[in-house]
Amino acid sequence: MNAEAYVGFGANLGKPDQTFAQACELLKEFAELLGFSKLYRSKPYGFADQPSFVNAAAHIRTNLPATELLTKLQETERILGKKVIRENGPRVIDLDLLLYEDLVLDTNELQLPHPGILERDFVLRPLLDLNPDLTHPSWLGKTLQEALKEIETSFLLEEVDEAWDLSDESQP
């Protein structure tokens, strides 16, 4: 299997840009990085009394099935020191499997597409950087751009950085 997937990155503790760079290096052990979005600062979602987040997304190719990819992403989070303090609470890293090909899955362990993609601008904006034409059969033809225009509550604060040059080993 040679599947394409999209992974969301989020963090609001430590140095998110450095943590994201470390995560990218670890991802390369089980996936090919096809692209990485710009970094975006956003207000916290769900639990407001915490620092702002930095969000991004990666486009990857992997030979792993979706559930094994999720397991590897969770292992990567643990290696980088993720501890769940509270749901939607502060974290040093959060890696979410957003999309895996056109797969629709709803299990206790994994939901695909990731719930809430179309309602969260801090997820949509990085995905748009990677693929402005991205859509999914379960979205019934809705594009990311259309979803972004329909957002009622914006969490985005600012663009943090330009796209990372993944060919330069000094950056993620």
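Please read all numbers here as calculations on a predicted model, not as lab measurements.

The next thing to look at is the pairing of strand β4 (residues 53-62). β4 sits mainly inside the fold: nine of its ten residues count as buried. Pairing analysis gives nine bridges linking strand β1 (residues 3-11) to β4, with the strands arranged antiparallel. By the bridge assignment, phenylalanine 9 is partnered in β4 with alanine 56. In this sheet, β4 lies alongside strand β2 (residues 32-36) in antiparallel orientation, the contact comprising four bridges. Residue pairing in the sheet places leucine 33 in a bridge with isoleucine 60 of β4. Relative to β4, strand β3 (residues 39-42) is paired through three bridges, and the arrangement is antiparallel. Counterpart to serine 42 in the pairing with β4 is phenylalanine 53.

Right, let's talk about helix α3 (residues 121-130) for a bit. Burial analysis of α3 places eight of its ten residues in the buried class, the great majority of the element. For α3, the full list of buried residues reads Asp121, Phe122, Val123, Leu124, Pro126, Leu127, Leu128 and Leu130.

A few words on the confidence of the model for the protein. Averaged over all residues, the pLDDT of the protein is 89; the fraction at 70 or higher stands at 92%. In the model, residues 165-172 has pLDDT below 50 throughout and makes 14 contacts with residues more than four positions away in sequence or in other chains.

Taken as a whole and judged by the stated rule, the model has nine salt bridges. Across the pair arginine 61 and glutamate 4 runs a salt bridge, and its minimum N-O distance is 3.3 Å. Residue arginine 61 is found in strand β4, and its partner glutamate 4 is found in strand β1; the two are separated by 57 residues along the sequence. Its relative accessible area of 24% is what places arginine 61 among the partly exposed residues. A salt bridge links glutamate 77 to lysine 82, with the shortest nitrogen-to-oxygen separation between them at 3.4 Å. In the salt-bridge network here, residues are joined through shared partners; they are Glu77, Lys82, Arg91 and Asp94.

With respect to the secondary-structure elements, asparagine 55 resides in strand β4. Overall, asparagine 55 belongs to the buried group, its relative accessible area being 7%. Put simply, asparagine 55 and phenylalanine 20 are 35 residues apart on the chain and 9.5 Å apart in space, counted from C-alpha to C-alpha. Residues in contact with asparagine 55, not counting those within four places in the same chain, are Phe9, Gly10, Phe20, Lys38, Leu39, Tyr40, Ser42 and Phe122. Of the polar contacts made by the side chain of asparagine 55, one reaches the side chain of serine 42; its length is 2.5 Å.

Thresholds applied
- Residues numbered from 1 in each chain as written.
- Predicted model: local features only at pLDDT ≥ 70, side-chain atom pairs only at ≥ 80, totals over all residues.
- Heavy atoms only, no water.
- Buried < 20%, exposed > 50% of the residue type's maximum accessible area, 1.4 Å probe, protein only.
- Helix = DSSP H or I, 4+ residues; strand = E, 2+ residues; numbered from the N terminus.
- Pairing = 2+ DSSP bridges.
- pLDDT = per-residue confidence, 0-100.
- Contact = heavy atoms within 4.5 Å.
- Salt bridge = Lys/Arg side-chain N within 4 Å of Asp/Glu carboxyl O.
- Polar contact = N/O pair within 3.5 Å; in protein donor to acceptor, adjacent residues only side chain to side chain.

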